[in-house]
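Here's the letter readout for the chains.
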Amino acid sequence: MIVAAGGIVVELLSTRTLGCTSRADLDAWVRTYRLPITTVIDALEGRPTPCVSQSNRTYGIRESAFIVDLSTMRIVRKYNGDLGGAGASAIGMLVPELLRLLRGGT
């Protein structure tokens, strides 16, 4: 939906239950879910132990989603979803607003 409307989706795997994500975690995630989006991890060099990725420190924990204005590269909206899985997800909150913006909404 988002890609078809002209949007770009990038997913960041920053941590996992037992520590830092690895290239093997990234490859397994991509193979398992086959999402038509770009999925990345933080660079492995220089990561602290225990793992707290730069992205995690900068942008927050999982269930965070952002709308970025690509013309300015500024975050224009941040959504925090429910970490327990019972409430609204960040992506569930983001999609309607992003589609509205892509369709020319202000």
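Scroll up to find the structure.
Quantities reported herein were computed from a predicted structural model and do not represent experimental measurements.

(A) Broad picture of the overall build of the protein. The helix and strand tally for the protein stands at 3 helices and 6 strands. Going from the N terminus to the C terminus, the protein shows its helices and strands as β-β-β-α-β-α-β-β-α. Going through the 106 residues of the protein one by one, you find that 25% of them count as buried. Counting every atom, the protein has about 7500 Å² of accessible surface; 57% of that belongs to carbon and sulfur.

(B) The arrangement of the packing of aromatic side chains in detail. Tallied over the entire structure, the rule returns 1 aromatic pair. Here the aromatic rings of W29 and Y33 are separated by 4.5 Å at their centres, their planes lie at 50 degrees, and the arrangement is tilted. Here the residue W29 and the residue Y33 both occupy positions in helix α1 (residues 23–33), the gap between them amounting to 4 residues, near one helical turn. Accessibility expressed as a relative area gives 29% for W29, which makes it partly exposed. Looking at Y33, the relative accessible area reads 47%, which means it is partly exposed.

(C) Looking closely at the side chain of E11. In this fold, E11 is placed in strand β1 (residues 10–13). Within polar-contact distance, the side chain of E11 engages the side chain of W29 at 2.9 Å. Among the polar contacts listed, one links the side chain of E11 to the side chain of T39, at a separation of 3.0 Å. Those residues in contact with E11 that sit more than four places away from it in its chain are W29, L35, I37, T38, T39 and V40.

Basis of the calculations
- Residues numbered from 1 in each chain as written.
- Predicted model: local features only at pLDDT ≥ 70, side-chain atom pairs only at ≥ 80, totals over all residues.
- Heavy atoms only, no water.
- Helix = DSSP H or I, 4+ residues; strand = E, 2+ residues; numbered from the N terminus.
- Buried < 20%, exposed > 50% of the residue type's maximum accessible area, 1.4 Å probe, protein only.
- Areas by Shrake-Rupley, 256 points an atom, 1.4 Å probe, with all protein chains shown as cover.
- Phe/Tyr/Trp six-rings, centres within 6.5 Å; stacked < 30°, edge-to-face > 60°.
- Polar contact = N/O pair within 3.5 Å; in protein donor to acceptor, adjacent residues only side chain to side chain.
- Contact = heavy atoms within 4.5 Å.

All we've got here are geometric facts, nothing functional implied.
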